[in-house]
Structure formats: C-alpha cells, structure tokens
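Residue strings, one per chain:
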Amino acid sequence: MKNMSLLTAVWATTGALLTGGAFVSPARAATAQAPTIVAKGGFVMNDGTGAALYAKAADTRRPTGSTAKIMTAHVVLTRKNLDLDAKVTVQKAYSDYIVSRTASSARLIVGDKVTVRQLLYGVMLPSGCDAAFALADTYGTGSTRQERVKSFIGRMNATATRLGLKNTHFDSFDGIGNGRNFSTPRDLTRLASQAMKNPTFRAIVKTRSTTQRVTMKNGGHRDMSWTNTNKLLGTYQGAIGVKTGSGPEAMYCLVFAATRGGRTLIGTVLASSSEANRNADAAKLLNHGFKR
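Residues numbered from 1 in each chain as written. Predicted model: local features only at pLDDT ≥ 70, side-chain atom pairs only at ≥ 80, totals over all residues. Heavy atoms only, no water.

**Q** Is there a simple way to explain the overall build of the protein chain in this structure?
**A** Counting its regular elements, the protein chain contains ten helices and 13 strands. The proportion of buried residues among the 292 residues of the protein chain is 50%. In the protein chain, the share of contacts with a sequence separation of at least 24, taken over all contacts with a separation of at least 6, comes to 60%. Of the roughly 13700 Å² that the protein chain leaves accessible, carbon and sulfur atoms contribute 52%. (Helix = DSSP H or I, 4+ residues; strand = E, 2+ residues; numbered from the N terminus. Buried < 20%, exposed > 50% of the residue type's maximum accessible area, 1.4 Å probe, protein only. Contact = heavy atoms within 4.5 Å. Areas by Shrake-Rupley, 256 points an atom, 1.4 Å probe, with all protein chains shown as cover.)

**Q** Looking at this structure, how should I read the packing of aromatic side chains?
**A** Two aromatic rings are characterised by how far apart their centres lie and by the angle between their planes. In this structure the tally under the stated criterion is four aromatic pairs. Seen from their ring centres, Y97 and F133 are 5.3 Å apart, and the 75° between their planes marks the pair as edge-to-face. Linking Y97 in helix 4 (residues 92-101) with F133 in helix 6 (residues 129-139), this pair joins segments that are 36 residues apart in sequence. A ring pair is formed by Y97 and F173, whose centres lie 5.3 Å apart and whose planes are at 45°; its orientation type is tilted. Taken together, the residues Y97 in helix 4 and F173 in the loop between helix 7 (145-162) and strand 8 (182-183) connect sequence positions 76 residues apart. As far as the burial class goes, Y97 and F173 line up, both buried. Grouping aromatic residues by their ring pairs yields a cluster made of Y94, Y97, F133 and F173. (Phe/Tyr/Trp six-rings, centres within 6.5 Å; stacked < 30°, edge-to-face > 60°.)

**Q** Help me out: how do you make sense of helix 7 in this one?
**A** Each α-helix winds once per 3.6 residues, and so residues spaced three or four apart point in a common direction. Spanning 18 residues, helix 7 covers 26 Å between terminal C-alpha atoms, matching the ideal 26 Å at 1.5 Å per step. The complete set of buried residues in helix 7 reads R148, V149, F152, I153, M156, N157, T159 and A160. Those residues of helix 7 that are buried are in contact with helix 3 (69-77) and helix 6. Just beyond helix 7, the residue with positive phi is G164, at close to 75°. (Expected span 1.5 Å × (residues − 1).)

**Q** Just to check I follow, could you spell out the layout of surface pockets for this structure?
**A** Gaps left between atoms are located by rolling a probe of water-molecule size over the structure's atoms. By volume, the largest pocket amounts to about 460 Å³. Lining of the largest pocket is provided by 29 residues; of these, G65, G175, I176, S246 and G247 occupy positions nearest its centre. Sort the elements by how many residues they give to the lining of the largest pocket and strand 11 (residues 239-247) lands first, with five residues. Along the lines of polarity and charge, the residues of the lining of the largest pocket split into seven nonpolar, 16 polar and six charged. (1 Å grid on protein atoms, 1.4 Å probe; cavity = no way out; pocket = protein on both sides within 12 Å on 5 of 7 lines; lining within 4 Å. Points joined across faces, edges and corners; volume = space filled by probe spheres on them. Nonpolar A, V, L, I, M, F, W, Y, C, P; charged D, E, K, R; others polar.)

**Q** Help me understand the sheet that holds strand 4 (residues 52-56), please; the structure alone is not making it clear to me.
**A** Hydrogen bonds along the backbone pair up the strands of a sheet, which may run parallel or antiparallel. In spatial order, the strands read 4-3-13-12-11; together these five strands make up an open sheet with antiparallel pairing. Each having just a single partner strand, strand 4 and strand 11 make up the two edges of the open sheet. The sheet shows a mean angle of 5° between the axes of neighbouring strands, taken without regard to direction. Against the sheet, helix 8 (residues 185-195) touches strand 3 (41-46), strand 12 (251-260) and strand 13 (263-272), its axis set at about 140° to strand 13. Taken strand by strand, helix 10 (residues 275-291) contacts strand 3, strand 4, strand 11, strand 12 and strand 13, and its axis lies near 35° from that of strand 12. (Pairing = 2+ DSSP bridges. Axes fitted to C-alpha atoms, helices over the stretch in contact; angles between N-to-C directions.)

**Q** Looking at this structure, how should I read the pattern of salt bridges?
**A** Pairs may arise between side chains of opposite charge once their charged atoms sit close together. On inspection of all chains with the given rule, the structure shows seven salt bridges. Close ionic contact of D112 with R222 constitutes a salt bridge, the shortest N to O distance being 2.8 Å. Separated by 110 residues along the polypeptide, D112 in the loop between helix 4 and strand 7 (113-115) and R222 in strand 10 (residues 221-227) bring together distant segments of the chain. The exposure class assigned to D112 is buried, which follows from its relative accessible area of 2%. Here the salt bridges share partners, and the residues they tie into one network are D137, R145 and R148. (Salt bridge = Lys/Arg side-chain N within 4 Å of Asp/Glu carboxyl O.)

**Q** Explain the packing of helix 3 against helix 5 (residues 116-124) to me, please; I cannot follow it from the model alone.
**A** Helices that pack against each other are described as a pair by the angle of their axes relative to one another and the distance between those axes. Between helix 3 and helix 5, the shortest axis-to-axis distance is 10 Å and the interhelical angle comes to 165°. With respect to each other, helix 3 and helix 5 are oriented roughly antiparallel. The element helix 3 and its partner helix 5 pack so that their crossing is left-handed. Listed contacts from helix 5 to K69, I70, A73, V76 and L77 of helix 3 are V116, L120, V123 and M124. Among the residues forming the contact of helix 3 with helix 5, the class breakdown is eight nonpolar, no polar and one charged. (Parallel < 35°, antiparallel > 145°, perpendicular 65-115°, else oblique. Left-handed = near helix turned anticlockwise from the far one by under 90°.)

**Q** I would appreciate a short explanation of unusual backbone geometry in the present structure.
**A** Keep in mind that most residues, glycine aside, have a negative phi and that most peptide bonds are trans. Here the residue pair G241 and V242 is connected by a cis peptide bond, since its omega of 20° sits within 30 degrees of zero. Looking at the element boundaries, V242 is found in strand 11. At T102, a position not held by glycine, the phi torsion is positive, near 50°. Mapped onto the elements of the fold, T102 is located in the loop between helix 4 and strand 7. Of the residues examined, T102 reaches a relative accessible area of 72% and is grouped as exposed. Phi at R107 is positive, roughly 60°, even though this residue is not glycine. The topology assignment puts R107 in the loop between helix 4 and strand 7. Of the residues examined, R107 reaches a relative accessible area of 46% and is grouped as partly exposed.

The analysis is restricted to geometry; functional conclusions fall outside its scope.
Spelled out as structure tokens, the structure:
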C-alpha cells in the first residue's frame, strides 16, 4: 500500500507514468507508439468495434484514385437479384476509353463475353477501368451509354450519402475524376468495411492472382490472367484486401485490411509518395493497430 501511495504521489506531482521501469510523461506515453507515415492522410479502425486506432488528416478530402472502384463494386454487388454469371459483351467504347485516358486495363477484348463476376475480378485485381466502364454501362439506366454511366455514378453518390460518407463524392466510375472525385481516409475505410460484408467482394479482394476463361466472339474461349495490384497480399501476415489507387493528383493510395488473432483491422492511406511507401505506411498502421 505504501508503494502504491508513493506511485500515486509521484504521478500527482510529476505527471509521470511508470513503463518498463522508466518514467515518461503522459503525453509521450500516449504517442510513443504512434507511427510516422509518409502519406498525407491515414486512418485505421477495428472493424469489429468501429474504434479508431490511428488518424492523420482522417477527414481531409483528397482525390481517391482507383480506390473509388470499391464503390463501383459495392454498388453492383448490392443490387437485388444480381446474377454474377450473367454475361456482358465487351464494347469498343470500353477499349477506346482506356486508350484515350491512358488508364489501367483488364485487357478486355472487344466482342468477348465476360461474366459479371469476372468483370469484378477485372476491376479489383488489375484495376481495370475498361471492366469498371462495362459494369457502369450494364447497371446504369438510360437509353444511351452516357445516360447509363451518369446514372450509375449517381447511384455511387447516393450510396455514399446513405452510408453517411459526408466527405465523399464521385464523378467517375473508376476514380479518374474531373475535379469532383474525392474522399477521406475515414470515409474510404468505412466504405471498405461495408463492402467487406459481402462474401463475393471479400473473396475477390483477397485473391492474389486468377485466370478466368471467357467466351470469344466466335464462340471459342480464351483465358484471361489478372494479378492483384495490392502487394500487401502475400507479404503482410493476415492481409485480406482491399484496393490500390494512384494518379498524378491522388499520388499513391491504399485501402487495406488484415486479420490476426480473430481481429480484423481496416484502414486507408491517401497521397503517399510511392508504391513502396504506401505499402510501408499501411504495414506500419496495421502493426500499430494490432498492438493496441
């Protein structure tokens, strides 16, 4: 009791905390383990409880890059009576789009018939803007392709509103924005948490690589091979997703998730300086989160 009284007195008079035999200030104790990341914004939360475990400019709006495709996939997968095996014919407009934008591609070939499930793999693994275009064109409404794409993007924004993502707005189906494509680390993390509730989404985003057989225009078949751009898969123990993003404005972004010891953490880093740094940033935040 005397020892306890002594510790209490020390705390009261010096504001010190005994840790590992050394006294440190309360402020230092609270921040000693917080990592330093290169990314301009970052956020990590416990997916089970929703508790925030780290935040850096977590509510500052920034360009999303291809992390926007999480919403593209989520809008498709939450459709009623969705047939994942329905086939979509690849249109020339999809190929023309990626050429004109110098966009990332799933290398879809005009005339091929690709299932919705395969398009989702094409969106989430190689980050195919052609596959994202195909989904927007297929599941938007309207008599013209332009109307269908516009309505699909409208559904992306309506979903963001419904989920309470107040700092999120999409002006494209793939993250190649026109000045109004933005989100925050907190919002993207919350979006990913919702998307990961879908078993098809979870299965896709944890896949490192896949080969999918599609039907060609002449009725024959070809194999399409896609590799996930998320390098945390296979390099970080317990990594289970989610989506990379990059671009001149967005810089290097990553929405990530991992499970260890029965706990799942989900987080986001936005505007890191390189692919290597965004991966290192994410690993630091996960390590930090799992220690808490």
